[in-house]
Each structure stands twice: as structure tokens, then as C-alpha cells.
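Below, each chain spelled out in residue letters.
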Amino acid sequence: MASVATYSSLVLKGTRHGLLASIREDADWPHVLAELARLSQDHPGFLTDASITFDFGWREITEEQFDQVITSLHSQGLSCNGILSTSLNTRTIAEERGYRAIIGRLGLAKHQGRRMRQEKEEVAPAPQASTPTPDVIEQPAAPAEVVPQAPASQIEESVEDSFDAIPAAQEESVETSIEPSTSPSQEGVHVPRFDDEEPTLYLRKTLRSGQKVVFAGNVVLLGDLNPGAAIEADGDIIVMGQLRGTVHAGAEGDLTSTIITSSLRPTQLRIADRFWQGERNQSFFKKSPLSGTLKARLDGDSVVVEALPAR
Amino acid sequence: MGKVIVVTSGKGGVGKTTATANIGAGLASQGHSVVLIDTDIGLRNLDLVLGLENRIVFDLVDVVEGKCRSFRQALIKDKRFENLHILASAQSREKDAVKPAQMKKLCTELKDAFDYIILDCPAGIEMGFKNAIAGADEAIVVTNPEVSAVRDADRIVGLLEAAEIDTIRLILNRVKPGLIQRGQMLSVEDVQDILSIELLGQVPEDERIVHSSNKGEPAILDGKSRAGMAYRNIVARILDPAVPMVSPQASIWAKLRRVFTADLGAQVG
């Protein structure tokens, strides 16, 4: 390890498949560019001729911004391997320029942020950054063990299936050459957005045919979702009632979104751009073949439904 | 102070007009003053089912446009029932000839003069539907045990709830007990599982109702009609919610017929 650089706008991660850069969705663009511009300088040797995969998450990237990234990379002797984005526009821009783009986000920056907070609350993390770069503040870098935990790994595997160039962020990947490092450098000023702070809409009613709820966050429905009714949420959907309509979790492309319900006989169930059709007209006649609390999630390319274990 | 009840369904042909005519006749025969309003402008039917077409002078549009002195001039009195009146729809106009605010005003006026104002709603969820529900206090949703009718009824219930009509009750029409027993038709439990609104009654499929509609005689007057019997039960439940439910199962119909001809039959007709 020559040096450990710290960035506040992105998370660099070495994986079996190459280097992944997760760009924080709430970071200023000039700040992102500034930190991108010193990648090779911060990691001399390791980053020579490297090809980087970018996770832009929910961020909308303009053509100009995308070109700035590519220019910055080329000027450092680096290249772009492909991108992950939940935005169709962003993916289109990348594809038009000959880069591979897939729908989704890993949200590593957010996971790192949350882990950082937990670490801080428990024990002071072991100082690891031996020679911090000048602009790094006192905040020690996250320990190497800080990687996304189980919830993230499922989705990463499925991403890997559909686009093998996207690195799989698994435990062993930490041992690759690039030290994962991050730090919210403006701690105290900048409040990062965490997973568990995503807005949640709580509805206490029966959604009837023709009624549709669209929400940029999670949705909890305490009531039935009737055939012909629909919920479309950027995050997770929980239906505590009869689920007979259409649900679309991760509507903006978040592949980690799940659908949880106590009774499943939907017309159609969608997670990101994958879907699962209920049996035709069965919802009217048959009781749900599955009972107990059920969870639908993406497993590779397909939506799988499994019983949540009783605790 | 009267009560305004809209009879609606979403889907066409499920039996709204027949239900309106029979409930109106039933309520009137029990001594309540009743006005039936056909709000299906352009597709006038209610007067036919009651056999009153030849007596229409003024219609609903004339009333809201002030072409007659008051609504009383436009009301047609049914000679068979002392207390039954109908306000016919205009046949040569369109749905937008009446506005929701006008309907609301008319309903408010009628409430002072009558016990029950029953509105026969057109099919669909457009202007005619909005007019019909504008002045309504309660709703009766008529549906058939078919997936399409139930789906439309569910849509209607959602719209009624959005319009803050809180009392919404269900009539399941054209029930065929034999088909349900064979599992080929939705049962009342299947329908209620979806709609989850209070059931007012079930009406069995009855060939006699075709004949009575064509004659202009409400089925409720026909002592032999099974549908007429079901409507008598529905009327009894509108007046007293404690009246027990009748489920149209072939085996118990004979028994029910005895109960109802003894109970209500004397008062009807």
C-alpha cells in the first residue's frame, strides 16, 4: 500500500473484476470532478492503465458531465469500463458513447457512510491511514473490513450475472490491491443520506381498481391492494393485506428493492425492470398458495418469492 | 328530511335500472314517498321499465334548465303506487346538459319533499356518473358475479369513497346458485373478499324479470318471481338493516318463498 487516499464524493473499491468507483449521489459535481482528477496521483502505480466501472446510482448525468469524467480519466491514463445507473438518460448517454451501462445501483457510498457512523458510535476505529493526503481531515479512514454486508451481496451477485464486468463486492475483494477508503471529510457539516432515512409513505386504506400510488421512497400499505390497483415505489413495498394488484418496487432501478406481504396473489409483481406474473385470474378464485410473511426479491434475472423465517 | 341513494355499477347491463325500479316500488309500497330519477341522459330507460313512457312531459334537463315551474311539474306519478314518482331523463340531449352542482341543488330540494330519492346512474365513470353521485348521501353498487363487473364495481367504490360517500352497499345480481356450487361462478364470498362493502342482498337470475321489465311491471309485484322476492328482502333491509340475509340457494328458496309471501307479500301490491 503506497498510500491511502480519502475521498468524500466517491468510494473506490477493488474487486475480483476490477475497480469500482461509487459516486455519492449527493456530492457536488465540481467536487466529484476534483477528486476524480487526482485518482492516479493518489494511487501511483496501482492505477496505471486501470479501467474503472462507475456506479452513479440515482444521479442524473448530463452528456457534458459524462464527457468530463471520460476526459479526466483519459488524461490520467485511465479508462472507463462501464457504468451502473438507475437513470435511463444516464445509461443512454453512456451507451451512445460505446460504454456498457446497466440498470441498478450498489449504493456502496451509502453503506460505507452508515458503517462509518456505527463504528464511530461503538469504538473509535483503529487509525489506518498512515500518510493521509493534505486535504484529509482528522477523521480516520474506515477500516478495511468495512464493506457492504449481507443485504448488498445478494444484489451484487445478480448484477455480476447480468454484466460480468461489474465487480462483485465481496469480502475477499478487499484484499485486492486498491485499498478501499472513504471518509465523510466534512463530518459535522455535511450530513450524509443513509439507507434507513429514505422517505416512507404509510397508507391505511384499501387501494381499489384504478387507484395508483407512485412514491419516490418506500411504501407501506395497511389494507388490501385490489386487482387493477397499483403501487409504484422507488424503494421497498410492504403490503399488510391482500396483495392482488400490481406492485413495482425499485421502480427507478434499485435492484435491491424487495416486496414484503402476508398474502400474495398479485396480478403482476415487478422489481426494477424484472417482473413476475401471477396466474391468470387466479386471484379471484384461489387463496394464496403461499402463506405466512413472504418476501419477493431479485435473484439474478428473476423475481423469487420466499417465506420469511419466523423469529 | 329524505335520503338520496344512487344506484350505480360502472359496468353496463348489470341491472341498475331494474334494481332502481324495484327498490323504488318496494319502498313506495311500504308507505314511503319516493322519487326515482333517471340520470342517464340520452339513454332513457327507467320510464320503460316502469311502463310510464307515454306520460313524460318534462324531463330532468327541463327541470335543471328551469323550463318548468318546479320539479313537481316534471314528476310522473305512478298510478300503481300512491307514493312513487319518477323524473325521466332527456332522450335527445347529452350528459353534459346537466352539471354536478345542478344535480346537488335538485337533490337538496327533493329531500325536503320526499323520504327517498333514488338516482339511476348511467354506466361508466364520466360526466353522467359525476352528476349522479353529486347529490347522493348513500350508494348502492350493483354488480354481477363476473370478474369484469366486479372489477368495475371496485373502481366505482373507490370513486365513491373519494367523493366521501361513506355508506356504500352491495347488490349482487344475476346469481346462479347452481354455477356457484360447481365452482364456475364467483360466490358472494369471492365478491365481498374483493369489494369488502356491506351486502344488501343477492338477486338470483330469473327469467321472469325479463318479462316483467318488458311489460313495464316491476318484478317486485310478481309474487312468483324469485328476483322479486329478493328485492322485497332488499327493501326490507334498506328500511331495517337487522333483517336477515337471504342467500339464493336452490334448496332453501322454497322455504324462503313461504317466509316472504307470509311476511311481506301481503303488503306488496
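Residues numbered from 1 in each chain as written. Chains lettered and ligands numbered in written order. Predicted model: local features only at pLDDT ≥ 70, side-chain atom pairs only at ≥ 80, totals over all residues. Heavy atoms only, no water.

Visitor: For this particular structure, what's the right way to read the interface of chain B and chain A?
Guide: With 17 residues of chain B at the interface, the matching set in chain A holds 14 residues. Taken together, both faces of the contact between chain B and chain A bury some 1,400 Å²; the carbon and sulfur share is 47%. At the junction of chain B and chain A, the tally comes to three salt bridges. Seen at the junction of chain B and chain A, the total is seven residue pairs in polar contact (both at pLDDT 80 or more). Contributing elements (two or more residues each) for the side of chain B that touches chain A: helix H7 (147-162) and helix H9 (188-195) of chain B. Considering each element in turn, the side of chain B that touches chain A owes the most residues, eight residues, to H7 of chain B. Grouping the constituent residues of the side of chain B that touches chain A by class yields eight nonpolar, three polar and six charged. (Contact = heavy atoms within 4.5 Å. Buried area = accessible area lost by both parts, 1.4 Å probe. Salt bridge = Lys/Arg side-chain N within 4 Å of Asp/Glu carboxyl O. Polar contact = N/O pair within 3.5 Å; in protein donor to acceptor, adjacent residues only side chain to side chain. Helix = DSSP H or I, 4+ residues; strand = E, 2+ residues; numbered from the N terminus. Nonpolar A, V, L, I, M, F, W, Y, C, P; charged D, E, K, R; others polar.)

Visitor: What is the right way to look at helix H1 (residues 16-29) of chain B in this model?
Guide: Residues and elements named next belong to chain B. Taking 1.5 Å per residue, 14 residues should reach 20 Å; H1 reaches 20 Å between its end C-alpha atoms and fits that length. Burial analysis of H1 places 14 of its 14 residues in the buried class, which makes it a mostly covered element. Just past H1, the residue glycine 31 takes up positive phi, approximately 95°. (Expected span 1.5 Å × (residues − 1). Buried < 20%, exposed > 50% of the residue type's maximum accessible area, 1.4 Å probe, protein only.)

Visitor: What's the story with the packing of H1 of chain B against helix H11 (residues 226-239) of chain B in this structure? I'm lost.
Guide: For any two helices packed against each other, the geometry comes down to the angle between their axes and how far apart the axes lie. Residue and element names in this part refer to chain B. Contact geometry for H1 and H11: axes closest at 9 Å, N-to-C directions at 65°. The handedness of the crossing between H1 and H11 is right-handed. Taken together, the residues of H11 that come into contact with H1 (itself represented by Thr18, Ala19, Asn22, Ile23, Gly26 and Leu27) are Tyr231, Ile234, Val235, Ile238 and Leu239. Taken together, the residues of the contact of H1 with H11 break down into eight nonpolar, three polar and no charged. (Axes fitted to C-alpha atoms, helices over the stretch in contact; angles between N-to-C directions. Left-handed = near helix turned anticlockwise from the far one by under 90°.)

Visitor: Explanation requested: the nonpolar core in the structure shown.
Guide: Soluble globular proteins: nonpolar side chains tend toward being buried together. Residues and elements named next belong to chain B. Ile37, Val141 and Leu160 are the most contacted members of the largest nonpolar core, which has 48 residues in total. For this core, the element with the most residues is H7, which contributes five residues. With near-sequence residues (within four places) excluded, leucine 160 lies in contact with Thr8, Phe129, Ile133, Ala139, Val141, Ile165 and Ile168. One finds Val14, Ala149, Ile171 and Ala230 within the second-largest nonpolar core, a separate group that totals 38 residues. (Core = buried A, V, L, I, M, F, W, Y, C linked by side-chain atoms within 4.5 Å.)

Visitor: Just checking my understanding: could you explain the packing of aromatic side chains for this structure?
Guide: All names here are of chain A. The full count for this structure, using the stated rule, is two aromatic pairs over all chains. Seen in terms of ring centroids, phenylalanine 54 and phenylalanine 56 are 5.7 Å apart; in terms of plane orientation they differ by 10°. Their pairing is stacked. On the basis of relative accessibility, which here comes to 1%, the residue phenylalanine 56 falls in the buried class. Taking the centre distance of 5.6 Å and the plane angle of 65° together, the rings of phenylalanine 66 and tyrosine 99 count as edge-to-face. You can see phenylalanine 66 sitting in helix H3 (residues 63-75) and its partner tyrosine 99 sitting in the loop between helix H4 (88-96) and strand E5 (100-103), a full 33 residues away along the chain. What makes phenylalanine 66 buried here is its relative accessible area of 1%. (Phe/Tyr/Trp six-rings, centres within 6.5 Å; stacked < 30°, edge-to-face > 60°.)

Nothing here speaks to function; it is all geometry.
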